[in-house]
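Geometric and topological summary
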Amino acid sequence: METEILSIAADEQPESVRQKLSHAGDIIKNGGLVAFPTETVYGLGGDALNPESARKIYAAKGRPSDNPLIVHIADMEALDAIAKRIPEKARQLARAFWPGPLTMIMEKTGLVPAQTTGGLDTVAVRMPGHPAALALIRAAGGYVAAPSANLSGKPSPTTAKYVIQDMAGRIELILDADGAELGLESTIVDLTGEVPVILRPGYITQEMIARTVGETEMDITLLDGDSTQAPKAPGMKYRHYAPKGELALVEGSPEAVVQYINEQARRHRGDNKKTGVIGTAERIADYCADSVKNAGSRRDPLAAARQLYTFLREFDDEEVAYIYSEAFEGAGIGQALMNRLLKAAGHKVIQV
Ligand code: TXA
Ligand code: MG
């Protein structure tokens, strides 16, 4: 398949943007697939109400079809059409955080085909905050199923370059526009029980949710790498975000971390293997390795979150064989960052 690539410039005329999004919307309405930016990561969009579109999404990603998709909407009427017995807490969270990087799990109505939800009787819903994403959803008929636009097992793409790398030849259209400024996927919260449960941490933190709707739990399978309990978000069970190189987190005093990583880099160089490092600005000058990525200040985990997936992709491009990352504070967005890092590392943490 020939993949069309359409760029939308930041200062493009509204009429030209409208035409491009209307073209993209038509492709989705006709059962085709369009990759587009959201404020979190790029999504791979298809008609959420068309079972054939869901099948195509799984095929394009090489993703198991029991892994349900998030349905993206652009207004509250759409929520009432696809979810039933919508809890008051969901409405409160929607008022507080939509449009934005929050996905909510609710009971689904018959409008949503089983193919979209991987056979579950619940549906994940998100109203994204990116203006072009919202306009595309409207142009596509109001319901866009969109997983992250990466091949299964690769980090979610935060630039069109990596969408093209993964999806060229597999889908009808790629929209190349500004976006993905948050860099990590949305927070997922399950509202099917009495107490909301966070299944995937993100920019909207447990604290922010609890402040809006009271007691909120964190799925224990997220916190404990060795947990034998099945994760509630089926996608969390698959190996994700993994770079080709072997990634480990290194925890300890600043001096010990730098010393350990530099020793490993020297050792790997002796074996003719490249070493990559993800370090914070405060220590970055002390690292001596083949590829050193500056994740920004320790006091600003948001900067690290924004760049993490790009770093992992760049290490692949650079054929780095071993990657060491500093660990980050586990609160707020730092918790989401650590969750993705730990998953990418297969929970390998070295204490020094
Ligand atoms: O930020 C995001 O959420 C991005 C952008 C494109 O919106 N999308 C995204 O989709 O990250 P995806 O498919 O890569 O991740 C969706 C996650 C998966 O782990 C999936 O198992 C879970 O959501 N999920 C979807 N529907 C679910 C449901 N009904 N119950 C539990 N988990 C669900
Ligand atoms: Mg994904």
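Residues numbered from 1 in each chain as written. Chains lettered and ligands numbered in written order. Predicted model: local features only at pLDDT ≥ 70, side-chain atom pairs only at ≥ 80, totals over all residues. Heavy atoms only, no water.

Overview of the nonpolar core
With 65 residues, the main nonpolar core has Ile73, Leu93, Trp98, Leu102, Met104 and Leu175 as its most contacted residues. Those residues in contact with leucine 175 that sit more than four places away from it in its chain are Leu6, Ile8, Leu21, Ala24, Val34, Ala35, Phe36, Pro37, Tyr42 and Leu136. Leu184, Ala295, Phe328 and Leu341 belong to the second largest nonpolar core, which has 25 residues in total. (Core = buried A, V, L, I, M, F, W, Y, C linked by side-chain atoms within 4.5 Å. Buried < 20%, exposed > 50% of the residue type's maximum accessible area, 1.4 Å probe, protein only. Contact = heavy atoms within 4.5 Å.)

Quick notes on the domain arrangement of the protein
Partitioning the protein into domains gives domain 1 (4-229) and domain 2 (246-351). Computed from C-alpha atoms alone, the centre-to-centre distance between domain 1 and domain 2 is 29 Å. Facing the 26 residues of domain 1 at the interface are 18 residues of domain 2. Taken together, both faces of the contact between domain 1 and domain 2 bury some 1800 Å²; the carbon and sulfur share is 56%. A per-residue breakdown of the area domain 1 buries against domain 2 is headed by Pro155, Tyr162 and Leu184, which together make up 34% of the total. Along the contact surface separating domain 1 from domain 2 lie three salt bridges. Of the charged contacts, one joins arginine 340 and glutamate 185 as a salt bridge, the two residues approaching to 2.9 Å between their closest N and O atoms. (Domains from an automatic or database assignment. Buried area = accessible area lost by both parts, 1.4 Å probe. Salt bridge = Lys/Arg side-chain N within 4 Å of Asp/Glu carboxyl O.)

Overview of empty space enclosed by the protein
Scanning the model with the defined rule gives one cavity of 30 Å³ or more in all. Taken as a whole, the largest cavity spans an internal volume of roughly 30 Å³. What lines the largest cavity is Thr187, Ile198, Pro201, Gly202, Ile204, Thr205, Gln206, Met218, Gly332 and Gln335. By residue class, the composition of the lining of the largest cavity is four nonpolar, six polar and no charged. (1 Å grid on protein atoms, 1.4 Å probe; cavity = no way out; pocket = protein on both sides within 12 Å on 5 of 7 lines; lining within 4 Å. Points joined across faces, edges and corners; volume = space filled by probe spheres on them. Nonpolar A, V, L, I, M, F, W, Y, C, P; charged D, E, K, R; others polar.)

A look at the packing of helix α4 (residues 88-97) against helix α7 (residues 206-213)
The geometry of α4 relative to α7 is characterised by a closest axis approach of 9 Å and an angle of 120 degrees between their N-to-C directions. With respect to α7, the element α4 is oriented oblique. The way α4 lies across α7 gives a crossing that is right-handed. Where α4 approaches α7, its residues Lys89, Gln92, Leu93, Ala96 and Phe97 are matched on the opposing element by Met208, Ile209, Thr212 and Val213. Residues of the contact of α4 with α7, tallied by class, amount to six nonpolar, two polar and one charged. (Axes fitted to C-alpha atoms, helices over the stretch in contact; angles between N-to-C directions. Helix = DSSP H or I, 4+ residues; strand = E, 2+ residues; numbered from the N terminus. Parallel < 35°, antiparallel > 145°, perpendicular 65-115°, else oblique. Left-handed = near helix turned anticlockwise from the far one by under 90°.)

So, unusual backbone geometry
Following tryptophan 98, the chain continues to proline 99 via a peptide bond in cis, the omega torsion being -5 degrees. Following the sequence through the fold, proline 99 ends up in the loop between α4 and β6 (102-108). Of note, alanine 180 is a non-glycine position whose phi angle comes to about 55 degrees, a positive value. By the secondary structure assignment, alanine 180 is in the loop between β9 (173-176) and β10 (187-190). What makes alanine 180 buried here is its relative accessible area of 5%. Phi is positive for asparagine 272, close to 65 degrees, though the residue is something other than glycine. Note that asparagine 272 resides in the loop between α9 (254-270) and β14 (275-279). Classification of asparagine 272 as exposed rests on a relative accessible area of 76%.

Points about the packing of aromatic side chains
In this description, an aromatic ring pair is defined by two values, namely the gap between the centres and the angle between the planes. In the structure shown here, the tally under the stated rule is one aromatic pair. Considering the side-chain rings of tyrosine 260 and tyrosine 324, the 6.2 Å spacing of their centres and the 85 degrees angle between planes classify their relative orientation as edge-to-face. Placement of the pair is tyrosine 260 in helix α9 and tyrosine 324 in strand β16 (residues 322-326), with a sequence separation of 64 residues. Of the two residues, tyrosine 260 and tyrosine 324, neither departs from the other in class, the shared state being buried. A cation over a ring is seen here: lysine 293 above phenylalanine 315, with NZ or CZ 5.2 Å from the ring centre. Its end group placed over the ring of phenylalanine 328, arginine 298 keeps NZ or CZ at 5.8 Å from the ring centre. (Phe/Tyr/Trp six-rings, centres within 6.5 Å; stacked < 30°, edge-to-face > 60°. Lys NZ or Arg CZ within 6 Å of the ring centre and 35° of its normal.)

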